[in-house]
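If you want the building blocks of each chain, they are given just below.
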2 protein chains.
Amino acid sequence: MSIMTESQTRAGTGSSPPATSFLAPTYEGDFVLDEHLLLESGRTLAGVTLHYAVYGRLNAARDNAVLVCHALSGSALVGSWWPEIFAPGAVLSLNHDFVICINMLGSCYGSTGPGSVDPETGNIYGPDFPLVSIRDNVRAQARLLDSLGIRRLRLVLGGSIGGMQALDWAIHDPERVERAVIIGVAPLSAMGLALNHLQRKAIQHDPDWAGGHYLSQRPPRQGLALARQIGMLSYKSAGLFDERFGRNPNRNGEDPWGLDDLGGGLIGGRFDIAGYLDHQGERFIDRFDANAYLALLRTMDTWDPLRGFSSAAEAFSRIRARLSFVGISSDWLFPPEAVRDFAYTIRAAGVHADYREMTSAHGHDAFLAEQAELVRLLQ
Amino acid sequence: MSIMTESQTRAGTGSSPPATSFLAPTYEGDFVLDEHLLLESGRTLAGVTLHYAVYGRLNAARDNAVLVCHALSGSALVGSWWPEIFAPGAVLSLNHDFVICINMLGSCYGSTGPGSVDPETGNIYGPDFPLVSIRDNVRAQARLLDSLGIRRLRLVLGGSIGGMQALDWAIHDPERVERAVIIGVAPLSAMGLALNHLQRKAIQHDPDWAGGHYLSQRPPRQGLALARQIGMLSYKSAGLFDERFGRNPNRNGEDPWGLDDLGGGLIGGRFDIAGYLDHQGERFIDRFDANAYLALLRTMDTWDPLRGFSSAAEAFSRIRARLSFVGISSDWLFPPEAVRDFAYTIRAAGVHADYREMTSAHGHDAFLAEQAELVRLLQ
């Protein structure tokens, strides 16, 4: 796409690591677990590497640590994708907090994932990369915090799949977590599972996917782009799309009503929303890996905080942290009512859990797209 | 999929022509226009065939005709896909009404479409089939009604793209239409355009699509199935999916948490909603053609009742019919507020237009999935 104005480009940048307002980490590096990670599934993962970034300094009392958990396509560089959280007077302070963010297992931003070499076979995992649950991530991350001498977390926070991690932290390491902020999350609904399933199929249908054994120089680009585009429909809102794009023809001059603009009478010129989605798809395939996307979809799908407990009360009564849930008014992937009901279910187990609602037209993405609004709500 | 219970099979049958409760037409046949159809785009279509079905008998006064306009994947056999509309005391009566339903141009159920032979070249249209607008359909259908001697329509009714036709009938042939019932329709939003765009891409990505020049024995099955599945997410509702499928594993016994059930650790066993969607995709590719699907998506995308008029007042003040708009409470493709606002905009032009709302968890599909409820609302 040749002509792209700022608003068309920016509308979807929310969840992308690259950002103009960049906050450099104090340190960015790898932590390698010294023992195999036993996964919930029963499989083990050897030589697990966690790529992480820290901002600020751990104080002498080691009581100023904050863990930020990233969303599906995020990275450890929280200063790049969530910079306004660090603004003066906002949620986090580089003068007082020691902020750590850890790339999820299965991702493609430095931690062990499908693109890593399995030390036990010498081959890239590819499609054989196992299911790593949210809980498995929490257990691996705890080893990294142990190595840093962090026994208490002043705060754990995250949105979307990051919020799933934040809650699992509060359940599975209750003594370590003082407070958790869980944004735009409830148990993934059947519609959420459906959206993930179709994204998965879009990738699997790409002939270049090759059952997951694709060549690095020839990844399933079309399939990953379409998967991302399907996801974007659920991250944004109909109202935002109407306001930004309406029924306008694509701003590059294509004519949706015209004759045979592109590939015959069945296709036609694009509307502006279509040009936007195509651009978002193209940007995504340059920065993300298809197998990593599949791995994280499965991590998201299988999240069930009650798994292994006999009841909600048994699971949630473990929590010692104060919890804040944030729903987003226009979120249809995790509707605000679902987030609120989830918060109240947890409160019913005797947990200190409040619910706040962010008013935004940005849909699920609002926690990334309207950071100032989120900061206001959390202050 | 081997194990499929009635509820998994039936949940999506709404918009499918095959049905168990079958009402046979009085007559089913073809009408061939005796002159070229000049399309809004400026192109002409030669030898246009309209496949249609009629139910009941035209009375001597020729004043008992009703036109039913079908939705995207429907056919002329309204007695098969909308049987409850004909129930005793419902909306239509075979004793009193002469009901006609005409397959849309671009479809694959008998009228001229991408699978037809262009009489001017002797070749199948394929991807060169031109954009046929809703208004073009109305103009072609009017010639068929002329040939049957039908100068008045007691009622025109339709849902979704059928509702678009019903409204265009009232605008463009105002003296012929007494009443129109327009269900689940407003101008297609940016989200609607987005959903159609991704369905289009799913088909175009299929290597068997071959730019639209696919072989009849090797159509782009995977792409069409995925397109249909994306569409289904917008035809149904999150609430219905939660109620029917929740987070249950697929009823055939697959385990979403299990190890490498299907093709490695990145994929896993399906949830029930995924099994349902896959089944719906498989059913659809046996009954619909990919190029026809693309043609109708474009017909839907480009619908703009104001096109060619200087204002909404100029367009809508042409209407002589009494209009009833029906919104569906859980429809997110055409939200009830959008349908209501659209009705009120038309009413502001001096048209007799009322708005009714159908309470249903079935989403956009409710006019097909909960026919008894619709009948109650229209009585």
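Let me sum up the structure you'll find in this document. Along every chain, residues carry numbers that run from 1 in the direction the sequence is written. Note on labels: chains are lettered from A, ligands numbered from 1, in written order. Totals for whole chains, interfaces and linings use every residue, but because this is a predicted model, local features are given only for residues with pLDDT of at least 70 and side-chain atom pairs only at 80 or more, for both listing and counting. Computation of side-chain values covers all heavy atoms of the structure but excludes hydrogens and water.

1. Structural notes on the overall build of chain A
Working definition: helices are DSSP H or I runs of at least four residues, strands are E runs of at least two. Numbering for both runs from the N terminus. Broken down by element type, chain A carries 13 helices and 10 strands. Here the globule rule is a power law, 2.2 Å times the number of residues to the power 0.38, and the radius of gyration is based on C-alpha atoms. A globule of 379 residues ought to have a C-alpha radius of gyration of about 21 Å, and chain A, at 21 Å, matches this closely. By principal-axis analysis of the C-alpha atoms, chain A measures approximately 70 × 50 × 40 Å. The burial tally for chain A puts 62% of its 379 residues in the buried class. Whether two residues are in contact is decided by their heavy atoms: any pair within 4.5 Å suffices. Counting only contacts in chain A whose residues sit at least 6 apart along the sequence, the fraction spanning at least 24 positions is 74%. Total accessible area on chain A is roughly 13400 Å²; 49% of this is exposed by carbon and sulfur atoms. Accessible area is worked out with a 1.4 Å probe on protein chains only. A residue is then buried under 20% of its type maximum, exposed over 50%, and partly exposed in between. Only the protein chains shown count as cover for residues, with accessible areas throughout obtained via the Shrake-Rupley method and a probe of 1.4 Å.

2. Quick word on the relation of the copies chain B and chain A
When the copies are overlaid, the least-squares fit takes in C-alpha atoms only where the residue has pLDDT of at least 70 in both copies. Its rotation angle being 180°, the transformation that places chain B on chain A also includes 0.0 Å of axial translation and leaves an RMSD of 0.0 Å. Those values place the two copies in the arrangement expected of a two-fold rotation axis. Taken together, the interface assignments show that 100% of the residues at the interface of chain B recur at the interface of chain A, consistent with an identical surface on both copies.

3. Observations concerning the pairing of strand E6 (residues 98-102) of chain B
Residue and element names in this part refer to chain B. Counting buried residues along E6, five of its five residues qualify, which places the element largely inside the surrounding structure. Both faces of E6 are covered, namely the face carrying Phe98, Ile100 and Ile102 and the face carrying Val99 and Cys101. Whether two strands pair comes down to DSSP finding at least two bridges between them. As paired strands, strand E4 (residues 49-55) and E6 are joined by four bridges and run antiparallel to one another. Looking at E6, one finds that Val54 is bridged to Ile100. Direction of pairing for strand E5 (residues 65-69) relative to E6: parallel, over a ladder of four bridges. What sits directly across from Val68, in E6, is Cys101.

4. Observations regarding the side chain of Asn137 of chain A
Residue and element names in this part refer to chain A. Its place among the elements puts Asn137 in helix H3 (residues 134-147). Polar side-chain contacts of Asn137 include one of 2.9 Å to the backbone nitrogen of Leu105. If we ignore the near neighbours within four places in the chain, the residues touching Asn137 are Met104, Leu105, Val132 and Thr299. Counting of polar contacts relies on pairs of N or O atoms within 3.5 Å, with two restrictions inside protein: one atom must be capable of donating a hydrogen and the other of accepting it, and residues adjacent in sequence are counted only when both atoms are side-chain atoms.

5. Regarding the interface of chain B and chain A
Tallying the contact residues gives 63 residues for chain B and 63 residues for chain A. In this description, buried area is defined as the sum, over both parts, of the accessible area (probe of 1.4 Å) that is lost when the two are combined. Buried surface at the junction of chain B and chain A, summed over both partners, amounts to about 5400 Å²; 66% is from carbon and sulfur atoms. When a carboxyl oxygen of Asp or Glu lies within 4 Å of a side-chain nitrogen of Lys or Arg, that pair is called a salt bridge. Where chain B touches chain A, the interface holds two salt bridges. The residue Lys201 of chain B makes a salt bridge to Asp278 of chain A at a minimum N-O spacing of 2.9 Å.

6. Looking at the environment of Leu37 of chain A
Residue and element names in this part refer to chain A. Relative to the assigned elements, Leu37 resides in strand E2 (residues 37-38). Taking the C-alpha atoms as reference points, Leu37 and Ala90, 53 residues apart in sequence, are found 36 Å from one another. Sequence-distant contacts of Leu37, that is, excluding residues within four places in its chain, are made with Arg43, Thr44, Leu45, Val48, Leu105, Asp136, Arg139 and Ala140.

7. A closer look at helix H11 (residues 336-347) of chain B
Residue and element names in this part refer to chain B. Helix length check: H11, at 12 residues, gives a terminal C-alpha distance of 16 Å against a target of 16 Å (1.5 Å per residue), a fit within 8%. Looking only at H11, the buried set comprises Pro336, Val339, Phe342, Ala343 and Ile346. Down the axis of H11, the buried side of the element spans an arc of 125°, and every buried residue falls inside it. Looking at the buried residues of H11, the elements they touch are helix H4 (161-172), helix H10 (312-316), strand E9 (322-328) and strand E10 (353-358). A helix is expected to reach a length of 1.5 Å times the quantity of its residues less one. Within this analysis, the arc is defined by the directions that extend from the helix axis to the C-beta atoms.

8. Side note on the sheet that holds strand E6 (residues 98-102) of chain A
All names here are of chain A. An order of E1-E4-E6-E5-E7-E8-E9-E10 is seen for the eight strands of this open sheet, with the pairing classed as mixed. Looking along the sheet, the strands with just one partner apiece sit at the ends: strand E1 (27-32) and strand E10 (353-358). Each neighbouring strand pair of the sheet contributes to a mean axis angle of 20°, computed without reference to strand direction. Bridge analysis of strand E8 (residues 179-183) against strand E9 (residues 322-328) gives five bridges, and the strand direction is parallel. In the strand pairing of E9, Val181 is matched with Ser324. To get an axis, a line is fitted to the C-alpha atoms, and for a helix only the part in contact is used. The angle between two axes follows their N-to-C directions and goes from 0 to 180 degrees.

9. Quick look at the pattern of salt bridges
Residue and element names in this part refer to chain A. Applying the stated criterion to the full structure yields 36 salt bridges over all chains. Among the ionic pairs, Arg176 bridges to Asp146, the shortest N-O distance being 2.9 Å. Taken together, the residues Arg176 in the loop between helix H4 (161-172) and E8 and Asp146 in helix H3 connect sequence positions 30 residues apart. Classification of Arg176 as buried rests on a relative accessible area of 6%. A relative accessible area of 39% places Asp146 in the partly exposed class.

10. With respect to the side chain of Arg135 of chain A
Residues and elements named next belong to chain A. Relative to the helices and strands, Arg135 resides in helix H3. Look at Arg135 and you get buried, because its relative accessible area is 13%. Side-chain polar atoms of Arg135 contact the side chain of His172, separated by 3.0 Å.

11. Notes on the sheet that holds E6 of chain B
Remark on secondary structure: sheet strands pair via backbone hydrogen bonds, oriented parallel or antiparallel. Residue and element names in this part refer to chain B. A sheet is described by the order of its strands in space; here eight strands give the open sequence E1-E4-E6-E5-E7-E8-E9-E10, paired in mixed fashion. Two strands lie at the open edges of the sheet, namely strand E1 (27-32) and E10, each paired on one side alone. Each adjacent strand pair in this sheet contributes to an overall mean axis angle of 20°, direction not counted. Strand contacts of helix H13 (residues 371-378): strand E8 (179-183), E9 and E10, with the helix running at about 145° to E10, the strand carrying the most contacts.

12. A closer look at the nonpolar core
Side-chain atoms within 4.5 Å are what join buried Ala, Val, Leu, Ile, Met, Phe, Trp, Tyr and Cys residues into a set we call a nonpolar core. One finds Leu323 of chain A together with Leu323 of chain B to be the most contacted residues of the largest nonpolar core, which totals 256 residues. Among residues more than four places away in sequence, those in contact with Leu323 of chain B are Leu167, Ala170, Ala180, Ile182, Ile346, Val351, His352, Ala353 and Asp354 of chain B.

13. Comments concerning the pairing of E9 of chain B
All names here are of chain B. Among the seven residues that make up E9, six are buried, leaving the element largely enclosed by the rest of the structure. Sheet topology places E9 next to E10; six bridges connect them, and they run parallel. Bridged to Val326 within E10 is Arg356. In this fold, E9 hands off to H11, which returns the chain to E10; that crossover is right-handed. Whether a crossover is right-handed comes down to one check: with the strands pointing away from the viewer, does the path from the first strand over the helix to the second run clockwise; if it does, it is right-handed.

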